[in-house]
Amino acid sequence: MSAKKGIQNVEKVSPSKNIDEYQYEVRVSGIPENNEASRIKRQFKDKEEVENVCSSIGCTYPIKECRRIGKFVDGRTRKLLVTFNSVWDARALVAKASEKELYKNSHVLITPGLSEADVRKEQVVLKKRWELMNSGIRKEDLRIHKFRLYQSTSTGEIEVKLD
């Protein structure tokens, strides 16, 4: 039996994102979709918009890549996933956006990138919030903090079980 025969049944798996790559990313919400014809032009326009937002708060870090997350749905704005060359640039941008209260001033939210595990946790929390809102609970009475869902009641705030 040759050495090659023993390896023939090994399945090749494409490497997933490096576990630390998400640290180079930030997620940007609140920038409207643009109507450019080609994907490349849309990405370029999105990158320009993010650069404008960044410069408005005094950040001029070079952006490596900028793309929308998820499928396009008419009437909804998808988040942007922005990748930087440096972890420090990504972290500094998130800190500066918070410090300058960017969301209060322009309704643009900049948050850190999430690992694949954190994305799954976020999806569970958002699904539960959606279910509760569809059952009649007001969005204002629901709050998400660190992948946990809280509901305001007349007696205070309670943590919602996620099943």
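Structure's up top.
Residues numbered from 1 in each chain as written. Predicted model: local features only at pLDDT ≥ 70, side-chain atom pairs only at ≥ 80, totals over all residues. Heavy atoms only, no water.

**Comments concerning the pairing of strand E7 (residues 156-160)**
Piece 1. Where strand E6 (residues 148-153) meets E7, five bridges bridge the pair, whose relative direction is antiparallel. Paired with Ser152 across the bridge in E7 is Glu157.
Piece 2. The antiparallel pairing of E6 with E7 creates a hairpin that spans two residues between the two strands. (Pairing = 2+ DSSP bridges. Helix = DSSP H or I, 4+ residues; strand = E, 2+ residues; numbered from the N terminus.)

**Some thoughts on the environment of Leu102**
Piece 1. The topology assignment puts Leu102 in helix H4 (residues 102-106).
Piece 2. With relative accessibility at 5%, the residue Leu102 sits in the buried group. (Buried < 20%, exposed > 50% of the residue type's maximum accessible area, 1.4 Å probe, protein only.)

**Focus on the state of the cysteines**
Piece 1. Applying the stated criterion across every chain yields a total of zero disulfides.
Piece 2. In this structure Cys59 is not part of a disulfide, and its nearest cysteine sulfur, from Cys54, lies 6.1 Å away.
Piece 3. Given a relative accessible area of 2%, Cys59 falls into the buried group.
Piece 4. Its sulfur unpaired, Cys66 is 9.2 Å from the next cysteine sulfur, which belongs to Cys54. (Disulfide = S-S within 2.5 Å.)

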